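The lines below spell out each chain.
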Amino acid sequence: MKKIIFLFPFLTLLSCYNTEHNCKDFKNGKFKFETEVNGVKKTTYFERKGDIEIETFEGKTDTATVRWVSDCEYVLQKKHPKNMAEEKAISMKILNTSKDSYTFEFGLVGSEEKQRGKVYKVD
């Protein structure tokens, strides 16, 4: 019984915790995304301004259109796809934000398969 009484205030505090969603702070700006591929850390830099996103990865630059579905969800579509895979749009959903970063979920539009990542604002 003592354990339950001790846990009650703790659980009450947890239930009051809200995930921060200041997605509008990340609609425009310069960002970086780091991921690990075969044990090697890879970094993508991108700038989003209005309905355009310009991405640089391993010295190559690409441009995509950005269509915001809601304050925290948008769809990316490459402007100049080089193959069939790049023609498919990518759905992005910001799950939570902090002062200078956000955690997001992404996947091909219409696909149930999703991945997660974290983006950092660099400017």
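A quick note: this is a predicted structure, and the numbers were derived from the prediction, not measured. (Residues numbered from 1 in each chain as written. Predicted model: local features only at pLDDT ≥ 70, side-chain atom pairs only at ≥ 80, totals over all residues. Heavy atoms only, no water.)

Chemist: I'm lost on the nonpolar core in this one. Help?
Modeler: Phe31, Phe46, Tyr74, Leu76, Tyr102, Phe104 and Val119 are the most contacted members of the largest nonpolar core, which totals 15 residues. Listed by contribution, the elements that provide at least two residues to this core are strand 1 (29-37), strand 4 (60-70), strand 5 (73-78), strand 6 (90-97) and strand 7 (101-108). In contact with Leu76, other than residues within four places in its own chain, are Glu53, Ala64, Thr65, Val66, Ala89, Ile90 and Met92. (Core = buried A, V, L, I, M, F, W, Y, C linked by side-chain atoms within 4.5 Å. Buried < 20%, exposed > 50% of the residue type's maximum accessible area, 1.4 Å probe, protein only. Helix = DSSP H or I, 4+ residues; strand = E, 2+ residues; numbered from the N terminus. Contact = heavy atoms within 4.5 Å.)

Chemist: Explanation requested: the layout of surface pockets in the structure shown.
Modeler: Each pocket or cavity is described by its volume, and for the largest pocket that value is around 1100 Å³. Elements supplying a minimum of two residues to the lining of the largest pocket: strand 1, strand 2 (40-49), strand 3 (52-57), strand 4, strand 5, strand 6, strand 7 and strand 8 (115-121). Considering only residue class, the lining of the largest pocket consists of 14 nonpolar, 8 polar and 12 charged. (1 Å grid on protein atoms, 1.4 Å probe; cavity = no way out; pocket = protein on both sides within 12 Å on 5 of 7 lines; lining within 4 Å. Points joined across faces, edges and corners; volume = space filled by probe spheres on them. Nonpolar A, V, L, I, M, F, W, Y, C, P; charged D, E, K, R; others polar.)

Chemist: Where do I start with the confidence of the model for the protein in this structure?
Modeler: When pLDDT is low, close inspection of the predicted coordinates is not appropriate. Looking at the protein, the pLDDT average stands at 87 and 84% of residues meet or exceed 70. Contacts for the low-pLDDT stretch residues 1-8, under 50 throughout, to residues beyond four places or in other chains number 0 contacts. (pLDDT = per-residue confidence, 0-100.)

Chemist: What am I meant to see in the state of the cysteines here?
Modeler: Disulfide: a covalent bond formed between the sulfur atoms of two cysteine residues. This model, assessed by the stated rule, comprises 1 disulfide. Linked covalently through their sulfurs, Cys23 and Cys72 form a disulfide whose S-S length is 1.9 Å. Taking the sign of the S-S torsion, 95 degrees for the link of Cys23 and Cys72, the bridge is right-handed. One end of the pair, Cys23, is in the loop between helix 1 (2-15) and strand 1; the other, Cys72, is in the loop between strand 4 and strand 5, and 49 residues separate them in sequence. (Disulfide = S-S within 2.5 Å.)

Chemist: Sorry if this is basic, but what is going on with the pairing of strand 6 here?
Modeler: Successive residues of a regular strand alternate their side chains across the two faces of the sheet. Alignment of strand 5 against strand 6, held across 4 bridges, turns out to be antiparallel. When the sheet's bridge partners are listed, Val75 is paired in strand 6 with Ser91. Pairing of strand 6 with strand 7, which is carried by 7 bridges, proceeds in the antiparallel orientation. The partner of Asn96 across the bridge, within strand 7, is Thr103. (Pairing = 2+ DSSP bridges.)

Chemist: Hey, could you run me through the sheet that holds strand 1 in this one?
Modeler: One key point about sheets: their strands pair by backbone hydrogen bonds, in either a parallel or an antiparallel sense. Judged by pairing direction, the barrel is antiparallel, and its 8 strands sit side by side in the order 1-2-3-4-5-6-7-8 before closing back on the first. Along the sheet, successive strands turn relative to each other by an average axial angle of 35 degrees, direction set aside. Direction of pairing for strand 7 relative to strand 8: antiparallel, over a ladder of 6 bridges. Its bridge partner being in strand 8, Phe104 is matched across the sheet by Gly117. (Axes fitted to C-alpha atoms, helices over the stretch in contact; angles between N-to-C directions.)

Chemist: Can you help me understand the environment of Tyr74 in this one?
Modeler: Along the chain, Tyr74 turns up in strand 5. With 47 residues separating them along the chain, Tyr74 and Lys27 place their C-alpha atoms 9.6 Å apart. Side-chain polar atoms of Tyr74 contact the side chain of Arg48, separated by 3.0 Å. (Polar contact = N/O pair within 3.5 Å; in protein donor to acceptor, adjacent residues only side chain to side chain.)

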